[in-house]
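# Observations on chain architecture
In case you want the letters, here they are:
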Amino acid sequence: MAPLIVLVLVTLPLLAGGAAGVRQLRLWPVALRGGLAAMFVVTGVSHFVGLRQDLINMIPPALPAPGLLVTVTGVLELAGAAGLLWWRTAPWAAGGLSALLVAMFPANVYAAVERLTLGGAPATPLLPRTLMQLVFLAATLTVLAHHMRTRRRNLTRPAKRLPPSMASLRARG
């Protein structure tokens, strides 16, 4: 539940900042990227501090090297969070994080079915966890789709002709 709370509590003020006239936040996907970045920082850090052993316990027994898997997914979440903050890497980060959410979902299913604990509390039951995972996936895919639409739109527009510089005007004259 904490990742969802972080996503909402960071995205909403960023959206408000955009509505209040902060130029860099005027597009809602930028606010969503900020909320996702904060969420993935929180979840990524938890792979190393606080919940590490609980996350290792979530890895289904059929998968090898649970500690390594938790380390790798934590690094990928932190890298994805950083990638979301720069517009050039945001679509790549969003796509990678989408794939990561899907890849990590079996661990969430295992934790719910086996009634494991996370931080001393029972793991979120399967239905609410699945719905949260769908929200996270929808958010990452929304960021990716926005960038793809924007890029496609920019590629299909004719290039604007820039006015000649002062130097070229002198050369002609």
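Only a predicted model underlies this, so the values are computations on that prediction, with no experimental measurement involved.

About the thresholds
- Residues numbered from 1 in each chain as written.
- Predicted model: local features only at pLDDT ≥ 70, side-chain atom pairs only at ≥ 80, totals over all residues.
- Heavy atoms only, no water.
- Helix = DSSP H or I, 4+ residues; strand = E, 2+ residues; numbered from the N terminus.
- Buried < 20%, exposed > 50% of the residue type's maximum accessible area, 1.4 Å probe, protein only.
- Contact = heavy atoms within 4.5 Å.
- Areas by Shrake-Rupley, 256 points an atom, 1.4 Å probe, with all protein chains shown as cover.
- Expected span 1.5 Å × (residues − 1).
- Bend = angle between axes of the 7 residues up to and from the residue.
- Patch = residues over 30% accessible without salt bridge, like charges linked within 9 Å, V, L, I, M, F, W, Y side chains within 5 Å.
- Salt bridge = Lys/Arg side-chain N within 4 Å of Asp/Glu carboxyl O.
- Core = buried A, V, L, I, M, F, W, Y, C linked by side-chain atoms within 4.5 Å.
- Axes fitted to C-alpha atoms, helices over the stretch in contact; angles between N-to-C directions.
- Parallel < 35°, antiparallel > 145°, perpendicular 65-115°, else oblique.
- Left-handed = near helix turned anticlockwise from the far one by under 90°.
- Nonpolar A, V, L, I, M, F, W, Y, C, P; charged D, E, K, R; others polar.
- pLDDT = per-residue confidence, 0-100.

Turning next to the overall build of the chain. The helix and strand inventory of the chain stands at seven helices and two strands. Within the chain, the proportion of its 173 residues that are buried is 34%. By sequence separation, contacts in the chain at least 24 residues apart represent 66% of the contacts at least 6 residues apart. Of the roughly 10800 Å² that the chain leaves accessible, carbon and sulfur atoms contribute 70%.

The subject of this paragraph is helix 5 (residues 90–113). Across its 24 residues, helix 5 extends 34 Å between first and last C-alpha, which sits within 8% of the 34 Å expected from 1.5 Å per residue. Of all the bends in helix 5, the largest measures some 35 degrees and sits at Met104, one to four residues before the proline Pro106. Residue Arg115 follows helix 5 closely and has a positive phi angle near 55 degrees.

Where nonpolar side chains cluster on the molecular surface, the patch consists of Met1, Ile5, Val8, Leu9, Leu12, Leu15 and Trp28 and spans about 680 Å² of accessible area. Per-element accounting of the nonpolar patch gives the leading share, five residues, to helix 1 (residues 2–19). Taking relative accessible area as the criterion, Val8 reaches 37% and is therefore assigned partly exposed.

Ranked by internal contacts, the top residues of the largest apolar core, which has 20 residues, are Leu36, Met39, Phe40 and Leu84. Going through the elements one at a time, helix 1, helix 2 (28–46), helix 4 (66–84), helix 5 and helix 6 (126–156) are the ones with two or more residues in this core. At six residues, helix 5 tops the list of elements feeding residues into this core. Ignoring anything within four residues of it in the chain, the contact list for Leu84 reads Arg33, Leu36, Ala37, Phe40, Ala90, Ala93, Ala94, Leu97 and Val143. Formed by eight residues, the second largest nonpolar core is a distinct cluster that contains Ile56, Met58, Ile59 and Ala111.

In this section: the packing of helix 2 against helix 4. Between helix 2 and helix 4, the least distance of the axes is 8 Å, while the angle of their chain directions is 160 degrees. What the angle tells us is that helix 2 and helix 4 run roughly antiparallel. As for how helix 2 packs across helix 4, the hand of that crossing is left-handed. Contacts between helix 2 and helix 4 involve Arg33, Leu36, Ala37, Phe40, Val41, Thr43, Gly44 and Val45 on the former and, on the latter, Gly74, Glu77, Leu78, Ala81 and Leu84. The residue inventory of the contact of helix 2 with helix 4, partitioned by class, reads eight nonpolar, three polar and two charged.

Unlike most non-glycine residues, Ala65 shows phi in positive territory, near 50 degrees. Structurally, Ala65 is set in the loop between helix 3 (52–58) and helix 4. Under the relative-accessibility criterion, Ala65 is labelled partly exposed at 41%. Phi is positive for Arg115, close to 55 degrees, though the residue is something other than glycine. Along the chain, Arg115 falls in the loop between helix 5 and strand 1 (117–118). Assessed through its relative accessible area of 74%, Arg115 is described here as exposed.

Along the chain, Ala90 turns up in helix 5. What makes Ala90 buried here is its relative accessible area of 0%. As for Ala90 and Arg33, which are separated by 57 residues in sequence, their C-alpha atoms are 7.8 Å apart.

We now examine the confidence of the model for the chain. Residues with a pLDDT of 70 or more make up 89% of the chain, whose mean pLDDT is 88. Within the chain, helix 7 (residues 166–172) has the poorest average pLDDT of any element, 45, and helix 4 the best, 97. Predicted confidence for residues 166–173 stays below pLDDT 50, and this span has two contacts to residues more than four positions away or in other chains.

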